[in-house]
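Listed here are the chains, written in short residue letters.
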Amino acid sequence: MVYQALYRVWRPQSFQDVVGQEHITRTLQNALLHEKITHAYLFSGPRGTGKTSAAKIIAKAINCEKAPVSEPCNECDACKTITNGSNPDVFEIDAASNNGVDEIRDIRDKVKFAPSTVRYKVYIIDEVHMLSIGAFNALLKTLEEPPKHVVFILATTEPHKIPLTIISRCQRFDFKRISAASIVNRMKTIVNEQQVSIDEDALLAVARAADGGMRDALSLLDQAIALSDEQVTLDNVLMITGAVSQQFIMTLVQAIQEEQVPVALQALDDLMNEGKDPKRFVEDMIYFYRDILLYQSSPALEDILARVKVDDSFKNLAQDMNPNRIYEIIEVLNKCQQEMKWTNHPKILLEIAIVQLCQQEKQSIPQVESLVQRVKELEQEVATLKEKGITVSQNQNEAAAQKEQRPQKMSKSSYRVPVGRATEVLKQATRQDLSQLKSNWGNMLEQLRKQNKVSHAALLSESEPVAASEKAFILAFKFEIHCKMAAENTNNVRDNLEGILYDIIGKRFEMVAIPESEWGKIREEYIREQRSDTEETEKQEENPLITEAQKLFGTELIEIIED
Ligand SMILES: [Zn+2]
C-alpha cells in the first residue's frame, strides 16, 4: 500500500475534528441544522488552519442524504463521493494554478445548470486572492445573482487582496492560528491511533515549529516518525525543524544575564558546529524573550506563549529579568536579524550581538535616566548662578579649593575619602531625610535582587546610610574596597542605586561613599566645628553638640557618655 501522509489520512471529515476553530464550526453547524445556508462563504486565515477541510465538510453536510444535519454522515454516497473527490457537482479549484478568466467564465456558464447527483453545486475556490482582476469581475457577476442551487466557498490566506465588492457578498469567517496545546492534543489522538510512541517534549516542539498550522504540524510529525527508531524524541524533532532546545536557549540567556561572554560565545559556537542556522536561531531567541515578557505580564495565559515550555527554570528566569532589559535585548536581536539579510556571514553578526548583549547591562536605562537628571540639575545651577551673577573672586576660589583638598586623605586602598563632600552633606542633613532613606533601604535592596543585580546587592549589603539631606546622603561601608567600588560606579552600581531610590522615593539623591572607619572621625570633626562656631556667636547655651547630633541622627542613635 502506498504510504499516505498523516495530514491526508487525518484530514478532518466532520466539524468536531476541525481543531481550534470552535467559534466557526459551531456557527456553521447551527446554520446547517436550520438550513440557513448562504450562497457565498469567505474563509480567511493562516495556512493549515482547516479552511478547505471545513469547506469540504460543508459541501458534504448540505448534500448529505440525511440533511439537514450538523455533521455529514460520511457514509452515504454523496458524502463518500465528495470525500474522495469524485462527485461531479462539487468542484475544488486552486486559484493559484487556475487564475485565468476562462476558468471562472466556465464556472459562470455551467453554474446555471442544476446539480446532477446532489442538492447543491459547490465551488470551493482555494487561494482565491490569486485570481486576476478579470476573473474577479467574472466571479462577481455570478455572486451578484447566484442560482439557488449553488454555494461558493472562497478560501484565502490573504483576504486584503480580495476586492471589497466580492467580500461584501460573502459571509466571512476568520480562521485563527491553532494554539500549541490544541495541536498537541490532536497529535496525541493521531499517534495513539497509529501506535507510535513519542515523547511529550517532542510533540510540543512539533506544535511550536508548526506555528499554528495543523497541516505543517502533521507534516513535521510524519518526518520525525520517519527519522526515529522506536521512540520519537525531542532530538528527532529538533533535527527536522532546525530549532534549538529550550534548554540550550536558557543556557545562552543565562550567560547573557550574567555577562559571561566566553560561556555565551562557546555555547553559540557549539550550536553553529551542529549546523544550526544563525538566522533561525536569532528568531528563536527573539521569541523566547518575547515569551518571557508575556509570561511576566500574565502568567495565567500560558497558552499564548508561542514557543516556550513553562517549567521551573523558565519561571525563575522570568522572575529575575527586568522588563526594560528584555526590551533592549529584543531590540538588539531584531537589529541583528535585519542586518543578517544583507550579509554572507550571519554567524559573525550573531557573535557581535551576543557580545553586545553581555556588555549592554553596563549601559542600561538607569544610567541614562540619572545622566539626564544630572544634566537638568546642572542646567538649573548654571541658571541660578547667572541670575545671581558670579561674584566669587579668584582668591576666594582658591581658598575654597584648598579647603576642599585639605581634609581629603589617601587611605590604604587608595580611596580618596571625599571629606569635603561629606561635610557639605552634613550641613544640609536632617533627621527626616535620613529616616525616609532608611525606611526605604530594604525595599531598594529588594529591587536590586529583582533586577538580578546580585553583585550590586552584595556590594551594598554591608553598607548603611548614616546621614542624609534633601539631595545627597552618606553611605558608610564596612569594607573600604566596597566603598571604593561603589564610589567609582563599578558596574554602574551607583547609578543603579540612585536610579532605584529615585523610583521609590521620588528624589534624586547623590550617594557619598565613606568607609565606616572614616565616618566616625568625619562626624566628630563636623560636630566640633559646629560647636566652635556656635560658641563664638552665642556662648554655649545647652549642649549644642548633642542638639546638633540629635538633629542629624535622631535621639535614639546618640549615646551620651558622661566623662
Ligand atoms: Zn452523508
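Located above this text is the structure these notes cover.
Since the model is a prediction, treat every value here as computed from it, not as a measurement. (Residues numbered from 1 in each chain as written. Predicted model: local features only at pLDDT ≥ 70, side-chain atom pairs only at ≥ 80, totals over all residues. Heavy atoms only, no water.)

1. Points about empty space enclosed by the protein
For the structure shown, the criterion picks out 2 cavities of 30 Å³ or more. Considering only enclosed or pocket space, the second largest cavity measures out at about 40 Å³ in volume. What lines the second largest cavity is Leu32, Glu35, Ile37, Ala61, Ile62, Ala67, Pro68, Val69 and Arg119. Looking at the lining of the second largest cavity residue by residue, the classes come out as 7 nonpolar, no polar and 2 charged. (1 Å grid on protein atoms, 1.4 Å probe; cavity = no way out; pocket = protein on both sides within 12 Å on 5 of 7 lines; lining within 4 Å. Points joined across faces, edges and corners; volume = space filled by probe spheres on them. Nonpolar A, V, L, I, M, F, W, Y, C, P; charged D, E, K, R; others polar.)

2. Considerations on unusual backbone geometry
Between Ala67 and the following residue, Pro68, the backbone shows a cis peptide bond with an omega angle of 0 degrees. Position of Pro68 among the secondary structure elements: in the loop between α3 (51–63) and α4 (77–84). One non-glycine residue, Glu35, adopts positive backbone phi at about 50 degrees. Residue placement: Glu35 occurs in the loop between α2 (22–33) and β1 (40–44). For Glu35, a relative accessible area of 45% translates into the label partly exposed. If you check the backbone angles, Glu127 has positive phi at about 50 degrees while not being a glycine. The topology assignment puts Glu127 in the loop between β3 (121–126) and α6 (133–144). (Helix = DSSP H or I, 4+ residues; strand = E, 2+ residues; numbered from the N terminus. Buried < 20%, exposed > 50% of the residue type's maximum accessible area, 1.4 Å probe, protein only.)

3. Description of the packing of helix α14 (residues 278–297) against helix α16 (residues 323–340)
Packing of α14 against α16 leaves a shortest axis separation of 10 Å and a crossing angle of 160 degrees. With respect to each other, α14 and α16 are oriented roughly antiparallel. In the packing of α14 onto α16, the handedness of the crossing is left-handed. Counted together, Pro278, Lys279, Val282, Glu283, Met285, Ile286, Tyr289, Arg290, Ile292, Leu293 and Gln296 of α14 and Pro323, Ile326, Tyr327, Ile329, Ile330, Leu333, Asn334, Cys336, Gln337 and Met340 of α16 form the full contact between these two elements. Across the contact of α14 with α16, the residue classes tally to 15 nonpolar, 3 polar and 3 charged. (Axes fitted to C-alpha atoms, helices over the stretch in contact; angles between N-to-C directions. Parallel < 35°, antiparallel > 145°, perpendicular 65-115°, else oblique. Left-handed = near helix turned anticlockwise from the far one by under 90°. Contact = heavy atoms within 4.5 Å.)

4. Some thoughts on the packing of aromatic side chains
This model, assessed by the stated rule, comprises 12 aromatic pairs. Plain terms: the ring middles of Phe91 and Tyr123 are 4.7 Å apart, the flat faces sit at 10 degrees to each other, and that makes the pair stacked. With Phe91 in strand β2 (residues 90–94) and Tyr123 in strand β3, the pair connects residues that are 32 residues apart, well separated along the chain. According to the relative accessible area criterion, Phe91 is partly exposed, its value standing at 26%. When its relative accessible area of 2% is taken as the criterion, Tyr123 is described as buried. Centroid distance Phe473 to Phe509: 5.9 Å. Interplanar angle 90 degrees. Geometry classified as edge-to-face. You can see Phe473 sitting in strand β9 (residues 472–477) and its partner Phe509 sitting in the loop between α24 (493–505) and β10 (510–515), a full 36 residues away along the chain. Given the relative accessible area of 1%, Phe509 is considered buried. Following the ring pairs from residue to residue traces out a cluster consisting of Tyr41, Phe43, Phe173 and Phe175. (Phe/Tyr/Trp six-rings, centres within 6.5 Å; stacked < 30°, edge-to-face > 60°.)

5. Structural notes on the sheet that holds β10
Strand pairing in a sheet relies on backbone hydrogen bonds, with the paired strands running either antiparallel or parallel. Taken together, 3 strands build an open sheet; the order of strands is β8-β9-β10 and the sheet is mixed. At either margin of the open sheet sits one strand with a lone partner, and together these are β8 (463–468) and β10. In this sheet, adjacent strand axes meet at a mean angle of 30 degrees when their direction is disregarded. In this sheet, β9 lies alongside β8 in antiparallel orientation, the contact comprising 5 bridges. Bridging across to β9, Glu464 finds its partner in Ala476. Where α24 meets the sheet, it contacts β9 and β10, and its direction lies at approximately 125 degrees from that of β10. (Pairing = 2+ DSSP bridges.)

6. A short note on the coordination of the zinc ion
For the zinc ion, the protein coordination sphere consists of Cys64 (SG), Cys73 (SG), Cys76 (SG) and Cys79 (SG), at 2.3 Å. Bound by 4 donor atoms, the zinc ion shows angles of 102 to 118 degrees at the metal and therefore tetrahedral coordination geometry. Here the donor residues of the zinc ion are spaced in sequence according to C-x8-C-x2-C-x2-C. A residue pair is termed long-range when its members are at least 10 positions apart, and Cys64 in the loop between α3 and α4 and Cys76 in the loop between α3 and α4 qualify at 12 residues. Here Cys64 matches Cys76 in class, with each residue buried. (Donors = N, O, S within 2.8 Å, 3.2 Å for Na, K, Ca; no water. Tetrahedral: all angles 85-135°; square planar, octahedral: opposite > 155°, others 65-115°.)

7. Overview of the layout of surface pockets
Its boundaries defined by the atoms lining it, the largest pocket holds a volume of some 840 Å³. As for the largest pocket, its lining consists of 30 residues, and the residues nearest its centre are Glu377, Arg421, Lys471, Ala472 and Glu510. Sort the elements by how many residues they give to the lining of the largest pocket and helix α18 (residues 365–388) lands first, with 8 residues. Per-class residue counts for the lining of the largest pocket are 10 nonpolar, 6 polar and 14 charged.

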